[in-house]
Amino acid sequence: MWCRLSPFPGFTSPQKNLNCSIHTGSMTGGVTYSPQGEGVRSATYAQQQAPVTEQKEAVGHAVRATYLYAGMADVGQLTHNPAYAQALDRIWGNIVNTRMHITGGLGAIHGIEGFGPQYLLPNDDAFNETCAAVGNVLFNYRMFLLNKDAKYLDVAEVALLNNVLAAVNLEGNRFFYVNPLGADGKYPFNHGTGGRAPWFGTACCPSNMARLLPQVQGMTYAHDDKDLYVTFYAETATTAKIAGTEVGIQQKTAYPNEGAIEISLSPKKPTDFRLFLRIPTWAGKQFVPGELYHYLEPVKEPWKLFLNGKPVEAKFERGFAVLERQWKKGDQVKLVLSMEVKTSRCHDNVEDNRGRLALTRGPFVLCAEGLDNGGATQRFFLGDQADVAKAKVKKTTIPSGSFIQVSMPAQAITKDGGEESRELTLTPYYAWNNRGNARMDKRDFDGAIEDCSRAIEIDPEYVRAWNNRGIAQLRKNNRNEALKDFTRTIELDPNNPRICNNLGLVYGRLGNADEALATFRRVGSEEAAQHNLTVVMAGYEEESQSVDEPKGKKVSWEESLKKLYAEHPIETSRVPKATKLR
């Protein structure tokens, strides 16, 4: 349950691994090789555009980027070279100010699976690979180890509890590779499926989650010789040596569903040290650090702190409430964080979020699903001020687990174009798609097709209209019409990776593997093209199975996965108990 900051976790042969990391980092950034192409062949795709210590913004493939940044943080700490930290400060600020979804998702753009231009943060069409969210957690946790600032933990928590956890269902047997912020239950956004899939041709995301989640317990606390940091809140118990004395610590809490955290400290003898309790960014003026998202109104009572049952004042230092005293066995600290439902407005430069609000509660982003709200959720609206004061919270239980839900007043458009008052039910983003491929923030695709058709009549070379009409056709399952629209789009913009991927997806959904592969090759490496073909055709094959097929002709992904697990049972490794702060 503990994390010390020296030496860094994962270094089984510290100097050998450090030398390797320094050497690898020194070659990155065009020092030995600088690609000259576009898309996946560009210098920015693999962060080769400049030496790592000179880079200023997040670019390219998001998973590669976050792993690189995590490694830079480790190397910078271990070598005491400030150039790494200076570069990471610039890059981190660029991410949280211009390139991160409110769920902590990174890499919004299809094709390169990576960062697009600043403020390009689509909803339905967001890519946000699960592995990038995992990388976001790892990167930000190392930034905390480097700086001892809670803002990095706040980003890591939001990414972990929203994007990462959404990537697996409550039963633990279906996964998201792609994590959009809107879905209709039909469009196969998740590499060929309209919801979570049992497996993928390239199964990096499920295995990456299996790697990260056991590590979280080792991120819950951190300490050095005089300070104890409570970094994440969870029901836990462990010990650590502080100021030469073994200290027992125990948390009792229902966090993140509830905001009360009770901490018991039991040093073997009275001991002086400082206790740092993280006060999350979401408990203040905004949901997550950075300039992208701000509450319409700040939290009224952000937090309360009690020591042995009595209210106590604490210093506030880099996002932590700090209590400094001589601690004795049986001392009790209670932190209460306000769990109000909050509304956030996005930076106006994000075109896709103009006129939209986001709803959150604690560290959870909330979303609406059609099955709770009588159909399409796009008909709901909140006005300038959502009536969150009347929000009610309940616990919902399904066979595979449970989660909270929030209900609140809202307005909805009726079939005849009028308005009516309706109750809107919201679910934590991590828990969506656990009850079938229900709609989430569904769009009116018939209306979209009509609008795009009008735009094309006005300007027959309007690329975005052709592309958006193709997407709407595909989501209505009009594949041949989608093929026509995407073919025309490619004629107008032949080297656009996103459009090529759309066309390749349509060919795959039509079962035309040759055309799909040829299309993917236009904008990616052979490896990337083969990977895209595999996942698209796997989705086609799963969809094409029917109850009328002879038994034994095809084996479902679920059955294949069960057989794989039976033959190769998963082994869990023990997470190191402590890594010390420098």
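Structure shown above.
The paragraphs below set out a description of the structure included in this document. (Residues numbered from 1 in each chain as written. Predicted model: local features only at pLDDT ≥ 70, side-chain atom pairs only at ≥ 80, totals over all residues. Heavy atoms only, no water.)

Below, the discussion takes up the pattern of salt bridges. Applying the stated criterion across every chain yields a total of 20 salt bridges. D154 is paired through a salt bridge with R278; the nearest N and O atoms lie 2.7 Å apart. Of this pair, D154 sits in helix 5 (residues 150-166) while R278 sits in strand 9 (residues 271-278), and the two are 124 residues apart along the sequence. The exposure classification of D154 matches that of R278, with both residues buried. With a closest N to O distance of 3.5 Å, R422 and E420 form a salt bridge. Three or more residues are tied together by salt bridges with common partners; here these are D227, R274, E317 and R318. (Salt bridge = Lys/Arg side-chain N within 4 Å of Asp/Glu carboxyl O. Helix = DSSP H or I, 4+ residues; strand = E, 2+ residues; numbered from the N terminus. Buried < 20%, exposed > 50% of the residue type's maximum accessible area, 1.4 Å probe, protein only.)

Right, let's get into the environment of M143. Structurally, the position occupied by M143 is in helix 4 (residues 130-147). As a C-alpha pair, M143 and D89 span 54 residues in sequence and 9.0 Å in three-dimensional space. Once residues lying within four places of it in the same chain are set aside, the contact partners of M143 are L88, D89, W92, K148 and Y152. (Contact = heavy atoms within 4.5 Å.)

Every regular strand shows the same layout, with side chains that alternate between the two sheet faces. Buried residues dominate strand 17 (residues 357-361), accounting for four of its five residues. Here strand 16 (residues 341-346) pairs with strand 17 via five bridges, running antiparallel. The residue bridging K342 from the neighbouring strand is T360, located in strand 17. The pairing of strand 17 with strand 18 (residues 364-367) spans two bridges and is classified as antiparallel. Of the residues in strand 18, the one forming a bridge with R361 is F364. (Pairing = 2+ DSSP bridges.)

Purely geometric numbers; function is a separate question.
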